[in-house]
Every structure is written in C-alpha cells, then in structure tokens.
Amino acid sequence: MLRQFNMPIFGTRLTLGLIEEKLKEHGLLQATTRTTIDSKSVIELGAFTIRFFQTNHSIPDCLGIVFETPKGTVVHTGDFKFDLTPVNNQTPDIHRMAEIGSKGVLVLLSESTNAERPGFTPSEKHVGDHLREAFIKAKHKIFVSTFASNVYRLQQVIDATLLTNRKLMLLGRSMVNVVRIASDQGYLHVPEGMIIEPEEADQLNRNQIAILCTGSQGEPNAALARLSTGNYRNVKVESGDTVILSASPIPGNEKSVSRIVDNLFILGANVIYGSGSATGMHVSGHGSQEELKLMLTLMKPTYFIPIHGEYRMLHQHRLLAESMGMDREDVFIINIGDVVDFSEGAPKQERKIPAGSTLVDGFGIGDVGTVILRDRKHFSEDGILVVVVTRNKADGKIISGPELISRGFVFAPEAEGLMEEASRVGLAALHQLQAENVSQWNRLKQGLKESIGQYLYSKTKRRPMILPIIMDV
C-alpha cells in the first residue's frame, strides 16, 4: 500500500520499531513519514480529531482510539484486557475511559475474542511463577515457544533463564528481530552475554541451555515444527528435554499444534502445553466477559459493534450488551465489507464495499482470479487429460490419435484398457463429425471433450479436465 499511497504512519514506539524493520526490507524507510504517538497524543485530520487511551494486552504500549467526528464520537478498543498487575506496570487508564464515556460515545467497536469466557482473564504475572517453577525442575534443555510479540512473556522467560544460570538461544527470524528491537528500545532487559548462537551450544551442558522459539501456532516452517521433526540445523530436541508451549491455539490451528505436540512426545520430550490453570504457562491477552462488560459500562455507547472474533464470539458479545440493557436493534454484527452508516436518524446497515483476499502468486499480486482458482481446484480433485490428434493438412484425415496423456487422473500403465477404449470413443466421435462435414477446430475439440468426458465419467465417476490438441501436418 505504501508503494501506491505514501501515507504517514502513526504508531507507538515499539510498533514503529517493528514496522521500520519491514520498511528497511522493502526499501521504503527513507520515503515514509513516521510519527510516534502515546496515550496523550492528539491528531487533527480535517474534520476529525483523534485521541487515545491506554489499555493493556500482550504487547507493550497498546492504545484504544477515539475518533471525534462531526456526527459523534467513535471508539475502537483494539485488543485489550484489564490487567491491574501487569508485568511492565502499564495499567489500563480506567479514569480516562470513564471520562470518554461521560462525554458521550455514538458507537463503540470492542473486541470479542474471549466473549465466550466467563469471569476475568488472569494477570500475566501468574505465568512468571509457573515458568520459574518449570525451569527449576527441568533437568536438561528447555524450549519455550510463544508469540514473538508477547514481550512480557519473553521477559519472564529471560528472568527464569537468569534465575537458573542458563544461556538463552533464539530460534526464528521474528523472535530474533523482536528481542533485538525491544531490547534496543528498553522494553526488554537481557543480561549481557546471556544470548548465544546455536553453534555455541556444543560448549555447554544440556542443563545450561534455554531456547526461545517461534511456532506456537503450529506454523509448518516455524522453528518448533522443524524441531519436532528433527529438521532444525544444529539444534535437536532430545529425550528428557522440556518443551513449553506458552500460548493457546488460535481457532483453526488446533490440529497443527496437536501434531507438533505428538511429535515432541515421540522424541521423548516432557511437553507442557495448554492454557489456564492446567499448566499456568499461558494467560490470554484478551479480556473475558466481565472485562468486556466493564468496557461497555465505562463507554456507555448509544450503538455497539462487536469486532475481532468468530461469528459465535460476536454473537455472544451482543448478548452481553443486551444483558446490560442495550436494545438488540442498537447492536450490529457485521461481516468483512459490510458498512454501517451513521448520518441523520437511525443508523443503517445496507451497503457493502469490495473486500476480501488479495492473492500473491509468484511475482503476481492480485492477478489470480476466480477462473484460475476454479481450474486449479479441478486439477487437484480430478486431474487432467491431454488428448492429441494429428490430421493431414491437405484433406483433414486423421493420421494418428487420439493419444491420451493422463496427469493426476489415472496411472496410465495400470489403466491401459480404459485409456484405449476412451481413445476409440474419441476417434468414433471425430469420424462422426467428419461425416457431417464438420472441419472447424473448435467443433472438433468440443466433440472430443464431450465424448471422452462422458465415457470416462460413466466408468470412473470422475471428470478430469480434458485438453484436446489438434495438429495439422
């Protein structure tokens, strides 16, 4: 987007640090204007005034956003929880939220990730105690996998590593980048000499090493997945090692995470996984039901749009709002691309804007359309059959063929009879067309496709993509 529209970027200090790393990669650092903001910042953009309020989440400096518009105030919470004992002492600014609500909020957009979970989300500090206990008990190497952006969790791993006199290894590009940037900006405190490279591990005993790695969501190319299959150069998970998954699977990732956990057990590791009181190795960065209700109470919106979650979570968040006295018609559940218009009178949810995925294929961006995807799906399910026919250019008589070449449909040597019969069916169709004085290539190709396709479906109940090729010699 920045290549097409050179827009200014506003972000908190750590956010901009992470963004600048990407801008360097793409050669856009010098051309981009960046402005650091905090909870006290005010931005004037035309008819809009934008203000902020401090929240907390699993990454430092999280802010909610207040858009003051000519029609009223719109509040976007971003990801948040109400952690009153945060690791970095950045407590949510409840007084500021109440002040915003007292001035009137037209519409609140509030996150819904944990709308199904009752109660309050535990404090991040609980994880630190369990990490220290696991580090003290571990007899060999310790692997900890978590989100690289969860800087508080990284700090607690660093503290446990220091407590047990271990050295720390970082695996995964994003983990290395976040630790470096967060350390440079003072968000992480890493003792000098603690971090080692993988090749230095050979000089240490197994009980002197801790490893922070990416891959807690089962990503196939991330460090943890490769460790679980023994495919990470210079580093191996060995029998007796401890592996801690300090994250819970995002919906849809459960199967990939489960496969990695199984592989780690096969390697003989002691695997600690799962969130909540079962292990104490993870607490969510998102507020549960009582915190979502607290946000609604503080903001007192006229209208409410639950955001950020599966549909069932948005639905549950709407029920929470209704339980607090909001009318159902004042709560809007919207899909990607839906528009809610706030103008004169009651808001309306009638419009849509173009939205969806932009597909990247090789060097092409956005040039893979529905037709191409449909063809690829067809190939993947039923395969492809190339039908080659050679004709005499002078009189149109068939010299050879039809010759059938199968890819992903049937293995030709094992289906010789089927292919021979399909060839005879195609040849008969060509002779029939020639008898009717049909000589146009398009008509001949269509006749081949239909006759061979119908025969193959009757025998296999599959419809391969059939590509006829007619050559005149």
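Structure's up top.
Here we summarise the structure given alongside this text. Computed from a predicted structure; not experimentally measured.

The rules behind these values
- Residues numbered from 1 in each chain as written.
- Predicted model: local features only at pLDDT ≥ 70, side-chain atom pairs only at ≥ 80, totals over all residues.
- Heavy atoms only, no water.
- Pairing = 2+ DSSP bridges.
- Helix = DSSP H or I, 4+ residues; strand = E, 2+ residues; numbered from the N terminus.
- Contact = heavy atoms within 4.5 Å.
- Axes fitted to C-alpha atoms, helices over the stretch in contact; angles between N-to-C directions.
- Buried < 20%, exposed > 50% of the residue type's maximum accessible area, 1.4 Å probe, protein only.
- Right-handed = clockwise from strand over helix to strand, strands pointing away.
- Salt bridge = Lys/Arg side-chain N within 4 Å of Asp/Glu carboxyl O.
- Phe/Tyr/Trp six-rings, centres within 6.5 Å; stacked < 30°, edge-to-face > 60°.
- Lys NZ or Arg CZ within 6 Å of the ring centre and 35° of its normal.

Concerning the sheet that holds strand 9 (residues 167-171)
Here comes step 1: Taken in spatial order, the six strands of this open sheet run 10-9-11-8-12-13, and their pairing is parallel. Whereas interior strands pair on both sides, the edge strands pair on one side only; in this sheet they are strand 10 (195-196) and strand 13 (270-272).
Here comes step 2: The sheet contacts of helix 3 (residues 125-137) involve strand 8 (142-145), strand 11 (209-213), strand 12 (242-245) and strand 13, and relative to strand 12 the element is tilted by about 165 degrees.

A word on the pairing of strand 9
Here comes step 1: Summarising burial for strand 9: four of the five residues are buried, a large majority.
Here comes step 2: Both strand 9 and strand 11 contribute to a ladder of five bridges, which runs parallel. Its bridge partner being in strand 11, L171 is matched across the sheet by C213.
Here comes step 3: Strand direction decides the pairing type here: strand 9 and strand 10, joined by two bridges, are parallel. Among the inter-strand pairings, L168 is bridged to a residue of strand 10, identified as I195.
Here comes step 4: In this fold, the crossover linking strand 9 to strand 10 by way of helix 5 (residues 173-184) has right-handed handedness.

A short note on the pattern of salt bridges
Any two side chains of opposite charge can pair if their charged atoms end up close together.
Here comes step 1: What the rule picks out here adds up to 19 salt bridges.
Here comes step 2: In this structure, E99 engages R96 in a salt bridge whose closest nitrogen and oxygen atoms are separated by 3.9 Å. Pair noted here: E99 and R96 are both in helix 2 (residues 94-102), with a separation of three residues, about one helical turn.
Here comes step 3: A relative accessible area of 18% means that R96 is categorised as buried.
Here comes step 4: The residue D241 makes a salt bridge to K141 at a minimum N-O spacing of 3.0 Å. You can see D241 sitting in the loop between helix 6 (223-228) and strand 12 and its partner K141 sitting in the loop between helix 3 and strand 8, a full 100 residues away along the chain.
Here comes step 5: The class of D241 is buried, set by a relative accessible area of 0%.
Here comes step 6: Several salt bridges converge on common partners, so that one network encompasses K141, R206, E238 and D241.

With respect to the pairing of strand 11
Here comes step 1: Where burial is concerned, most of strand 11 is hidden: five out of the five residues are buried.
Here comes step 2: Of the two faces of strand 11, both are covered, the one formed by I209, I211 and C213 as well as the one formed by A210 and L212.

Comments concerning the sheet that holds strand 4 (residues 48-54)
Strands in a sheet are paired, the pairing made by backbone hydrogen bonds, and the direction either parallel or antiparallel.
Here comes step 1: Spatial strand order, 3-4-5-6-7-14: six strands in an open sheet with mixed pairing. In the strand order of this sheet, the two ends are held by strand 3 (42-45) and strand 14 (301-307), each with one partner. Neighbouring strand axes in the sheet, compared pairwise and without regard to direction, differ in orientation by 20 degrees on average.
Here comes step 2: In this structure, strand 7 (residues 105-111) lies alongside strand 14, joined through six bridges in parallel fashion. Looking at the pairing, S110 lines up with P306 of strand 14.

Observations concerning the packing of aromatic side chains
Here comes step 1: Scanning all chains against the criterion turns up five aromatic pairs.
Here comes step 2: On the numbers, 5.7 Å between centres and 80 degrees between planes, the contact of F80 with F82 is edge-to-face.
Here comes step 3: You can call F82 buried: its relative accessible area is 8%.
Here comes step 4: A centroid spacing of 6.3 Å and a plane angle of 75 degrees characterise the contact between F265 and Y273, whose relative ring orientation is edge-to-face.
Here comes step 5: With relative accessibility at 43%, the residue Y273 sits in the partly exposed group.
Here comes step 6: The rings of Y303, F332 and F342 are connected pair by pair, giving a single aromatic cluster.
Here comes step 7: The lysine or arginine in question, K461, covers the ring of Y457, its NZ or CZ lying 5.3 Å from the ring centre.

Shape is all these values report; function is a separate question.
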